[in-house]
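Here's the letter readout for the chains.
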Amino acid sequence: MNSTFNVVTSQEYKYGFVTDIEADSVAPGLSEEVIRFISAKKGEPDWLLDFRLKAYRHWLTMAEPDWAKVAYPKPDFQKIVYYSAPRAKAPKYASMDEVDPELRRTFEKLGVPIHEQAALAGVAVDVVFDSVSVTTTYKEKLKAVGIIFCSFSEAVKEHPDLVKKYLGSVVPYSDNFYAALNSAVFTDGSFVFIPKGVACPMDLSTYFRINNKESGQFERTLIVAEEGASVSYLEGCTAPQFDTNQLHAAVVELVALDHASIKYSTVQNWYAGDKDGVGGIFNFVTKRGLCKGRASHISWTQVETGSAITWKYPSCILLGDDSIGEFYSVALTNHKQQADTGTKMVHIGRNTKSTIVSKGISAGDSSNSYRGLVKVQPKAEGARNFSQCDSMLIGQTCSASTFPYIEVQNRSARVEHEATTSKIGEEQLLYFQQRGIPAEEAISMIINGFCKDVFRELPMEFAVEATKLLSLKLEGSVG
Amino acid sequence: MLSIKNLTASINGTPVLKGIDLEIKAGEIHAIMGPNGSGKSTLGKVLVGHPSYEVTGGEVTFEGRDLFALEADERARAGLFMGFQHPIEVPGVSNAAFLRLAYNKKAEAEGRDELDPLEFDDFIREKIKLVSMKEEFLDRSLNEGFSGGEKKRNEILQMAVLEPKLAILDELDSGLDIDALRVLGDAVNQLMRPERALLVITHFPRILETIRPQYVHVLSGGRILKSAGPELAVELEERGYDWVLEEAAAGGRR
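Quantities reported herein were computed from a predicted structural model and do not represent experimental measurements.

The helix and strand inventory of chain B stands at 9 helices and 12 strands. A compact globule built from 254 residues would reach a C-alpha radius of gyration of about 18 Å, and chain B, at 18 Å, matches this within 12%. By its C-alpha atoms, chain B is 65 × 40 × 35 Å across when sized along the principal axes. Burial analysis of chain B (254 residues in total) assigns 42% to the buried set. By sequence separation, contacts in chain B at least 24 residues apart represent 69% of the contacts at least 6 residues apart.

In structure tokens, the structure reads:
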């Protein structure tokens, strides 16, 4: 009878190929020399090198956190390659024609439109391959309305004042172990600046690809929306299939000024390791948004399906009065995957509101935890939070946990937390099958129903992708 | 249409069906009655492929095919339907989307055209009249927050959409008031055709006043103890089940 549950979960990871490309890499290991090398390689100003070195020195004093409900061999930080870039004729490609054809084919295979005339028209894309940004599309068009969308390295050169002003302003280098590491060694990422009063006319997107077997990916993303500005930003990620673990430790900072709005969506499909838990990405990411201005609005939507280990808590600091923070999440784990993910909503300003909708799906032998903090500070008069955390279990050998932390220091605050756990049980499946619907389609329909409140927050193309991705990831779990 | 020979089945190693024989031909309506816990619902579940039950012996053919060689969804597409006693709730899946997928799976299996959402909308709006269901129930999540009676209406609506050859109706009357029972009973009668058949599983004879069987079987202890015409239902209504059980026990001793 249990055979039904042991089969529906596993389509092979289809992005697991490696691109054979010449790369400029530094030898494995981390030291001040390596950091100076990275900084010099990128031609960075002194203040940025100082930032990195301070972060590194601070990192040396820190211990890797172990409070999350994940178990893994601690990475050996001296075995990681901290800089790896596809070798190019010029430091930055002037046009797509200069991009290595092998690299172009890679992104075609991944379905990432790096040509502006490509399928996903209307979305500007920044493509990051290992340590560097390869290309950014629609730059000129965006520039016309004053929007800056470029690689982080380029922003350091072209817009140093903006970078200096905001870098580390939301996630200080001392924030946590992985944020400190990232601050010391980050290589590239995206920079977005939406000036006062401008609504970004298209979705902006960054596609991250880890290719090098030994390299870690340490990207840094900074998005600033000035007064009254708005932007929707999408992030996608894949990695080849290796039997060793790669480390991904990114930092994302969002800053929203008065009446600004930032919507940040992620579909994470890093390689998850094989069904026995060999290989896969260790995903230790710090994402935080600062609702700095009055009535500002930051919304995180994430669909987490990949990585061997996920440790990620996209958060909102609700500083401005009447600001709004949102977190919509679907985290799916299968086989031996472990995810400990959630959010932090820190209410500082008056009448700040936050919404948390988290949907965890566990299958196989995986472990899936929601960990969330709702904190209402003394001055946050009239703060409101609503949290909904639902877990769904598929089969008998997976686990789901919920760790809500609620700290309220203002009497007028209203905080609501709801949680449910359900199981795709035999009865549910039989019902669908009895109506002629095969088990796999039934699971996909049940899962999509379960995730509906999150999927409707995603931009349309992403929602379609996410739906397909979940079905693929669960193929073989029940049958 | 359905031929059951010496069927035995168990759950977690405990035998629950201990040798069932039953023949159902096209155009026939059979009723299986029995006291609570007699195994009558089990028979339906085993036939549609409930994974908790293990078939330990016997043969079942449906339209000439070995039923147990088919997956549960294949049995459904071959024309076997069960109206569940306790239909499950599925949050986030719209009733209309579910009905359309079920319809299209069957259409695909039979080589008919599948219906797009607009075509299906016209189709389903006609069908809901049969069970007097309000249109709003189409847009709601599948069975979520439906009352007992609304769930049963939805079961018969699904039957109307799928037009099965053999429909097994498990305790259709539970949770229904008299008026709703009459509406659904009439709907089932309208769906009956000479080339179709019905197997009505019920504890109470009341529903058999609307859906009139030609054959009534009493199932208890995992066996069919008595089979007769519709008059048996009337007798059970008057006398209860004990006399059948006693008669069978006496027969066993002889």
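Generally speaking, soluble globular proteins have nonpolar side chains that are buried together. Ranked by size, the top nonpolar core spans 186 residues in total, and within it Ala225, Val231, Leu254, Ala256 and Ile262 of chain A together with Val200 of chain B carry the most contacts. Of all the elements, helix H10 (residues 439-455) of chain A adds the most residues to this core, at 10 residues. Discounting chain neighbours no more than four positions away, the residues touching Val231 of chain A are Val192, Ile194, Cys200, Leu204, Ile223, Ala225 and Ile262 of chain A.

The next subject is the sheet that holds strand S2 (residues 14-24) of chain B. Residues and elements named next belong to chain B. With antiparallel pairing, the 4 strands of this open sheet are ordered in space as S2-S1-S4-S5. One side of each edge strand has no neighbouring strand; the edge strands of this open sheet are S2 and strand S5 (65-66). Pairing geometry for strand S4 (residues 53-62) and S5, over 2 bridges, is antiparallel. Counterpart to Thr61 in the pairing with S5 is Asp66.

With that settled, the discussion passes to the interface of chain B and chain A. Counting residues at the interface gives 23 residues for chain B and 18 residues for chain A. Taken together, the elements giving at least two residues each to the side of chain B that touches chain A come down to helix H2 (72-77), strand S7 (90-94), helix H3 (95-109) and helix H6 (148-162) of chain B.

Glancing now at the UniProt feature "domain: ABC transporter" (unreviewed entry) in chain B. Taking the numbering used here, the UniProt-annotated feature "domain: ABC transporter" (unreviewed entry) corresponds to residues 2-246 of chain B. The straight-line gap between the two end C-alpha atoms of residues 2-246 of chain B is 29 Å; of that span, 37% is helix and 29% is strand.

Next up on the list: the packing of helix H9 (residues 426-434) of chain A against H10 of chain A. Residues and elements named next belong to chain A. In the contact formed by H9 and H10, the axes pass within 9 Å of each other and the chain directions differ by 115 degrees. Along this stretch, H9 crosses H10, giving a crossing that reads as right-handed. Only Ala439, Ala442 and Ile446 of H10 make contact with H9, whose side of the interface consists of Gln428, Leu429, Phe432 and Gln433. Per-class residue counts for the contact of H9 with H10 are 5 nonpolar, 2 polar and no charged.

In a packed pair of helices, the relevant descriptors are the angle between the two axes and the axis-to-axis distance. Residue and element names in this part refer to chain A. As a packed pair, helix H3 (residues 46-60) and helix H8 (residues 177-185) sit with axes 7 Å apart at the nearest point and diverge in direction by 145 degrees. The two elements H3 and H8 cross, and the hand of that crossing is left-handed. Across from Phe51, Arg52, Ala55, Tyr56, His58 and Trp59 in H3, the residues of H8 making contact are Phe177, Ala180, Leu181, Ser183 and Ala184.

With that out of the way, let us pick up helix H8 (residues 231-239) of chain B. Residues and elements named next belong to chain B. Taken together, the buried positions of H8 are Leu232, Ala233 and Leu236. Along the long axis of H8, the arc covered by the buried residues comes to 100 degrees, so they all point the same way. Those residues of H8 that are exposed and aimed more than 90 degrees away from the buried face are Glu231, Glu238 and Arg239. Residue Gly240 follows H8 closely and has a positive phi angle near 75 degrees.

This brings us to the environment of Val408 of chain A. Residue and element names in this part refer to chain A. Residue placement: Val408 occurs in strand S23 (residues 399-408). According to the C-beta neighbour criterion, Val408 is partly exposed, with 18 such atoms within 10 Å. C-alpha of Val408 to C-alpha of Gly146: the two residues are 262 residues apart in sequence and 41 Å apart in space. Aside from chain neighbours lying at most four places away, what touches Val408 is Val376, Ala413 and Val415.

Our next topic: the sheet that holds strand S11 (residues 215-220) of chain B. Residue and element names in this part refer to chain B. Read across the open sheet, the 6 strands follow the order S6-S9-S10-S3-S11-S12; overall the sheet is mixed. Two strands in the sheet have a free side with no partner beyond their single neighbour: strand S6 (80-83) and strand S12 (223-228). In this sheet, adjacent strand axes meet at a mean angle of 20 degrees when their direction is disregarded. Pairing geometry for S6 and strand S9 (residues 166-170), over 4 bridges, is parallel. If you follow Leu80 over to S9, its bridge partner there is Leu166.

Residues other than glycine predominantly adopt negative phi, and peptide bonds predominantly adopt the trans conformation. All names here are of chain B. Residue Asn12 is not a glycine yet carries a positive backbone phi of 45 degrees. Summarising the element assignment, Asn12 is placed in the loop between strand S1 (2-11) and S2. Among the residues examined, Asn12 registers 9 C-beta atoms within 10 Å and is labelled exposed. Positive phi, normally seen in glycine, also occurs at Asn143, with a value near 60 degrees. Mapped onto the fold, Asn143 is located in the loop between strand S8 (141-142) and H6. Asn143 gets classed as buried once you count the C-beta atoms within 10 Å, which come to 22.

Cut-offs applied
- Counting starts from 1 at the beginning of each chain's written sequence and moves along it residue by residue.
- Just so you know, chain letters begin at A and ligand numbers begin at 1, following the order they were written in.
- pLDDT decides what is reported in this predicted model: residues at 70 or higher carry local features, side-chain atom pairs at 80 or more are listed and counted, and totals for whole chains, interfaces and linings draw on all residues regardless.
- Think of it this way: any DSSP run of H or I at least four residues long counts as a helix, any run of E at least two long counts as a strand, and we number them from the N terminus.
- Using C-alpha atoms as the atom set, the radius of gyration is obtained and then compared with a globule rule of 2.2 Å times the number of residues to the power 0.38.
- Exposure criterion: with C-beta atoms placed from backbone coordinates, a residue whose C-beta has 20 or more other C-beta atoms within 10 Å is buried, one with 12 or fewer is exposed, and one in between is partly exposed.
- For the purpose of contact definition, each residue receives a C-beta atom placed from its backbone, and two residues are in contact when these atoms lie within 7 Å.
- Nonpolar cores are built from buried Ala, Val, Leu, Ile, Met, Phe, Trp, Tyr and Cys residues. These are joined into a set through C-beta atoms within 7 Å.
- Note on pairing: DSSP must find at least two bridges between two strands before they are called paired.
- UniProt positions are given in the numbering used here, feature names are shortened, and annotations may be inferred rather than shown by experiment.
- Fitted lines through C-alpha atoms serve as axes, helices being fitted only where they are in contact, and the angles separating the N-to-C directions of these axes extend from 0 to 180 degrees.
- Two helices crossing with the near one rotated counterclockwise from the far one by less than a right angle form a left-handed crossing, whereas a clockwise rotation gives a right-handed crossing.
- In this classification, Asp, Glu, Lys and Arg are treated as charged, Ala, Val, Leu, Ile, Met, Phe, Trp, Tyr, Cys and Pro as nonpolar, and every other residue, Gly included, as polar.
- The reported arc concerns the directions from the helix axis to the C-beta atoms and nothing else.

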